[in-house]
Amino acid sequence: MLTGKGRKTRHVPLGDNTAALLNAYLTEHGLDKPGHDDHPLFTNQHRNKLSRGGIAWIIGKYQTRAGDQELADADLSPHVLRHSKAMHLYEAGVPLPYIRDILGHVDLATTEIYARASTEAKRKVLEATYTEIVTDELPEWNHDTGLLKWLASL
């Protein structure tokens, strides 16, 4: 359980791997002993609670070190990562009420902003709807010279 933005309580499920890493971190930093419940889990260099700005700085630091130009040019922030996770969950078929709960939203309408259908999701829905039209035998449109000429004339 976490207390997030707006002092809202959020229940964050942890997988086994994450739980094991978190337990190792707690042990390494001496936070697994009684009496550390009020101590911040992640701290900055001054031993204060790590802020959103501090997390953004860490993301930026590793983004520049990655050596990948596409990643270096990406507009990354904690919020972008949160939005990406919500989109990945949505595209994986996780129902919106579950995503709402994971994100800690009160209103499902807030979660719907995160769950805008991707182009891939729209394509899959259209293919599923028009199964008699979309088949594997259809030729590639970019090999149809007549169609390409017609499109170029528009």
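Small disclaimer: the values here were computed from a predicted structure and weren't measured. (Residues numbered from 1 in each chain as written. Predicted model: local features only at pLDDT ≥ 70, side-chain atom pairs only at ≥ 80, totals over all residues. Heavy atoms only, no water.)

## Comments concerning the overall build of the chain
Rules: Under the DSSP-based scheme used, a helix requires at least four consecutive residues in state H or I and a strand at least two consecutive residues in state E, with every element numbered from the N terminus. Accessible areas in this description were obtained via Shrake-Rupley with a 1.4 Å probe; residue shielding takes into account the shown protein chains only.
Helices and strands together make up the secondary structure of the chain, namely eight helices and two strands. Each helix and strand of the chain, placed in order from N terminus to C terminus, yields the pattern β-β-α-α-α-α-α-α-α-α. Element-wise, carbon and sulfur atoms account for 57% of the exposed surface of the chain, whose accessible area totals about 12600 Å².

## Here's the deal with the environment of G93
Structurally, the position occupied by G93 is in the loop between α4 (78–91) and α5 (96–103). As for G93 and A121, which are separated by 28 residues in sequence, their C-alpha atoms are 9.9 Å apart.

## Examining helix α2 (residues 52–65)
The line we're drawing: Multiplying 1.5 Å by the helix residue count minus one yields the expected span of that helix. Type-normalised accessible area, obtained with a 1.4 Å probe on protein chains alone, sets the label of each residue: buried when under 20%, exposed when over 50%, and partly exposed for intermediate values. Throughout, a contact is declared for two residues whenever any of their heavy atoms are within 4.5 Å.
Look at α2: 20 Å from first C-alpha to last across 14 residues, which is about the 20 Å you get at 1.5 Å a residue. Residues G54, I59 and Q63 constitute the buried set of α2. Elements that come into contact with the buried residues of α2 comprise α3 (69–73) and α4. Phi for G67, located one or two positions after α2, is positive at around 75°.

## Side note on the side chain of T111
Applicable threshold: Identification of polar contacts relies on pairs of N or O atoms within 3.5 Å, with a donor-acceptor requirement for protein atoms, meaning one able to donate a hydrogen and the other able to accept it, and with residues adjacent in sequence counted only if both atoms are side-chain atoms.
Position of T111 relative to the elements: it lies in helix α6 (residues 108–114). A distance of 2.8 Å separates the side chain of T111 from the side chain of H105, its partner in a polar contact. With near-sequence residues (within four places) excluded, T111 lies in contact with L96, I99, R100, L103 and H105.

## Brief notes about a nonpolar patch on the surface
Threshold: Patch membership requires more than 30% relative accessible area and the absence of a salt bridge. Residues of like charge join within 9 Å; the nonpolar side chains Val, Leu, Ile, Met, Phe, Trp and Tyr join within 5 Å. Salt bridge criterion: a side-chain nitrogen from Lys or Arg within 4 Å of a carboxyl oxygen from Asp or Glu.
A cluster of nonpolar side chains, contributed by W141, L148, W150, L151 and L154, occupies part of the molecular surface with about 570 Å² of accessible area. Looking at the element boundaries, W150 is found in helix α8 (residues 145–153).

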